[in-house]
Amino acid sequence: MDFAGPIDPLTGTAAARFGLYVHFPYCLSKCPYCDFAVAVVREIPEERYARAVLAELDARLAAEPSLRARTLESIFLGGGTPSLWHPRQVAAVLEGVAARLKVAPGAEISLEANPSVADAERFAGYRAAGINRVSLGVQSFDDSLLKALGREHTGPEAVAAYETARRAGFDVVSMDFIYGVHGQTRAQAESDARRAAALGPEHLSTYALTVERESLAVATPLSRQLDKGELVLPPDEEVVEMTKAIRDAYGEHGLVRYEISNHARPGYGSRHNALYWTGGEYLALGVGATGMLLTSAPGERPAGYRYVNLRGSDAYMRAAEDGKLPESSREELSPVELFEERLAMGLRLRSGVDWEAVCTRYGQDPEPRRKEIARLVQHGLARLEGPRLVLTEAGADVHSAISARLL
């Protein structure tokens, strides 16, 4: 991939400024912790769904013709289990997108894959379709933890999926992991991290398992088990120790923590994910997908809207086939709301964020925050690198609390 992507001036991070997310909702089974828009069906309507996604894109371009002049710098196929989508249909979607929108040469085009659906022929087909980055949903190599997470694959199958992706010609492979799982020990978390890093991936995403039960739009089996006291997650102190062990293991293999939950070799940070952290715009297509677009002109105080698509696959496809925008909701975003997102998300990055410039861009007074920033620096939770406010490793571990205080 020779397209490095623009540099966001407020964070110094390479990030797509305009991207596309395509959600594929179908799965072989639903993980107990998952609250995404997914569907477990006997037969996947692969061709119909591909046509519906492109029909939605047509409806969005008809509603906002100016989007045709934009250039996509990243495309991400997530789910669900996109590796259940036949490469022929993935190719049809990517070709359809390219026929309707400009796609930058060398744009980052990612696909999430489940290790249980990762055969050589399928991966070769994705590579031929234009996918240049694979993200494997491993979660753990420990079979007992995989069972606790409701995953269908085993540890050896996860390793085999990684090796299959390499043989298929993918130069950029990422893997996703979850830690802080019920029953997990620090030793297990560190073992997963060391095994993952030793394989030599370019990118690793590692998230602590959290269940915000009060805010979940859709209750999950895991949230219900926790509410009933049938399961207990490790205490925060143990999760912090797991975080440190994982960070050290990745660091020993040259993987840099460039974002709170993401490590990469230099130059291999996810440009698509970075657009979320740097205030980029993104179209989103498919069941339950969430998109965000700005409505303000360059130089004006930022304003925009966020939309969320219907979560039911049949309802979504019917709406798209009828030429309608298949949305369940649309929310106007004020400069204040965009400011809060921009500052909080920018602080997730290792490079930090030019907090005064963010305040200026979104019309917020920086003065009330100076005292709190000085306190963060004094307590070793942040430092100032020129104009950028950067969280230390200790600060990154309590990012949410710091963001709440600053906002």
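Quick note: structure is the one above.
Residues numbered from 1 in each chain as written. Predicted model: local features only at pLDDT ≥ 70, side-chain atom pairs only at ≥ 80, totals over all residues. Heavy atoms only, no water.

J.: Can you walk me through the overall build of the protein in this structure?
T.: When you go through the protein residue by residue, the secondary structure sums to 15 helices and 19 strands. Against the 2.2 N^0.38 benchmark of 22 Å for 407 residues, the protein shows a C-alpha radius of gyration of 21 Å, consistent with a compact globule. Within the span of the protein, comprising 407 residues, buried residues form 53% of the whole. Long-range pairs, those at least 24 residues apart, make up 72% of the contacts in the protein between residues at least 6 apart in sequence. About 17,500 Å² of surface is accessible on the protein, with carbon and sulfur atoms providing 50% of the total. (Helix = DSSP H or I, 4+ residues; strand = E, 2+ residues; numbered from the N terminus. Rg over C-alpha atoms; globule rule 2.2 N^0.38 Å. Buried < 20%, exposed > 50% of the residue type's maximum accessible area, 1.4 Å probe, protein only. Contact = heavy atoms within 4.5 Å. Areas by Shrake-Rupley, 256 points an atom, 1.4 Å probe, with all protein chains shown as cover.)

J.: Mind showing me how you'd approach the packing of aromatic side chains here?
T.: Here a ring pair, both rings aromatic, is described through the centre-centre distance and the interplanar angle of the planes. Tallied over the full model, the rule gives 13 aromatic pairs. When the ring of F123 is compared with that of F170, the centres are 6.1 Å apart and the planes differ by 80°; the resulting orientation is edge-to-face. One end of the pair, F123, is in helix α3 (residues 120–129); the other, F170, is in the loop between α5 (155–167) and β9 (173–179), and 47 residues separate them in sequence. The exposure class assigned to F123 is buried, which follows from its relative accessible area of 0%. The exposure class of F170 is buried, given its relative accessible area of 1%. Note that R70 overlies the ring of F18, its terminal NZ or CZ placed 4.2 Å from the centroid. (Phe/Tyr/Trp six-rings, centres within 6.5 Å; stacked < 30°, edge-to-face > 60°. Lys NZ or Arg CZ within 6 Å of the ring centre and 35° of its normal.)

J.: Looking at this structure, how should I read the sheet that holds strand β17 (residues 353–354)?
T.: Note: strands within a sheet are paired through backbone hydrogen bonds, in either parallel or antiparallel orientation. Here 3 strands make up an open sheet; going across it, the order is β17-β19-β18 and the pairing antiparallel. Lying at the two open borders of the sheet, with one neighbouring strand each, are β17 and β18 (382–385). In the sheet, β17 pairs with strand β19 (residues 388–391) via 2 bridges, with the strands oriented antiparallel. Bridge pairing in β19 links V353 to L389. Sitting on the sheet, helix α13 (residues 367–378) is in contact with β18 and β19, with an inclination near 110° to β18. (Pairing = 2+ DSSP bridges. Axes fitted to C-alpha atoms, helices over the stretch in contact; angles between N-to-C directions.)

J.: Would you take a moment to explain the environment of I178 for this structure?
T.: Structurally, I178 is set in strand β9. Considered as a pair, I178 and L325 are 147 residues apart in the sequence and their alpha carbons are 34 Å apart.

J.: How should I be thinking about empty space enclosed by the protein in this particular structure?
T.: In this approach a probe as big as a water molecule rolls over the atoms, and the regions it shows empty are the leftover space. Enumeration over the complete set of coordinates arrives at 1 cavity of 30 Å³ or more. What the largest cavity holds in volume is close to 60 Å³. Along the walls of the largest cavity sit Q139, F177, I178, Y179, Q184, A189, D192, A193, T206, I246 and Y250, which together make up its complete lining. When contributions to the lining of the largest cavity are tallied by element, the ones reaching two or more residues are β9, α6 (186–199) and α8 (236–252). Class assignment for the residues of the lining of the largest cavity results in 7 nonpolar, 3 polar and 1 charged. (1 Å grid on protein atoms, 1.4 Å probe; cavity = no way out; pocket = protein on both sides within 12 Å on 5 of 7 lines; lining within 4 Å. Points joined across faces, edges and corners; volume = space filled by probe spheres on them. Nonpolar A, V, L, I, M, F, W, Y, C, P; charged D, E, K, R; others polar.)

J.: What is the right way to look at the environment of A69 in this model?
T.: The topology assignment puts A69 in the loop between α1 (46–63) and β6 (71–79). For A69, a relative accessible area of 56% corresponds to the exposed category. Taking the C-alpha atoms as reference points, A69 and R100, separated by 31 residues in sequence, lie 9.9 Å from one another.

J.: In this structure, what is going on with the pattern of salt bridges? I would like to understand it.
T.: This model, assessed by the stated rule, comprises 26 salt bridges. Taken together, the shared-partner salt bridges in this structure form one network comprising E56, R60, E327 and R330. (Salt bridge = Lys/Arg side-chain N within 4 Å of Asp/Glu carboxyl O.)

J.: For this particular structure, what's the right way to read α3?
T.: For α3, the complete set of buried residues consists of R122, F123, G125, Y126 and A129. The arc that holds every buried residue of α3, seen down its axis, measures 155°, which confines them to one face. Turned more than 90 degrees off the buried face of α3, the exposed positions are E121 and A128. Those residues of α3 that are buried are in contact with α2 (87–100), β7 (102–113), β8 (133–139) and α5. (Arc of directions from axis to C-beta.)

J.: Mind showing me how you'd approach the side chain of S205 here?
T.: In this structure, S205 sits in strand β10 (residues 203–208). For S205, a relative accessible area of 3% gives the class buried. Side-chain polar atoms of S205 contact the side chain of N262, separated by 2.4 Å. Ignoring any residue separated from it by four or fewer positions in sequence, one finds S205 in contact with S174, M175, D176, F177, S261 and N262. (Polar contact = N/O pair within 3.5 Å; in protein donor to acceptor, adjacent residues only side chain to side chain.)

J.: Even after reading the chapter, I still don't get the environment of S135, so can you show me in this structure?
T.: Within the fold, S135 resides in strand β8. Its relative accessible area of 4% is what places S135 among the buried residues. Distance in space between the C-alpha atoms of S135 and S110 is 7.0 Å, their sequence separation being 25 residues. Non-local contacts of S135, meaning those with residues more than four positions away in its chain, are made with L111, E112, A113, S174 and D176.

J.: Just checking my understanding: could you explain helix α15 (residues 399–406) for this structure?
T.: Helical geometry note: an α-helix holds 3.6 residues per turn, so side chains three or four residues apart project in the same direction. Among all positions of α15, only H399, I402, S403 and L406 are buried. One side of α15 holds all its buried residues, which, seen down the axis, span an arc of 100°. In α15, the exposed residues that point more than 90 degrees away from the buried face are S400, A404 and R405. In this structure, the buried residues of α15 make contact with α11 (335–346), α13, β19 and α14 (393–396).

J.: Help me out: how do you make sense of the nonpolar core in this one?
T.: One recurring pattern in soluble globular proteins: nonpolar side chains tend to sit buried together. Ranked by size, the top nonpolar core spans 73 residues in total, and within it W85, F123 and L136 carry the most contacts. A per-element tally of this core places α1 first, with 7 residues. Not counting residues up to four positions away in its chain, the partners in contact with L136 are A113, F123, A161, Y162, V173, S174, M175 and D176. In terms of nonpolar packing, the next biggest core, distinct from the first, is built from 22 residues, Y282, M292, V358 and A382 among them. (Core = buried A, V, L, I, M, F, W, Y, C linked by side-chain atoms within 4.5 Å.)

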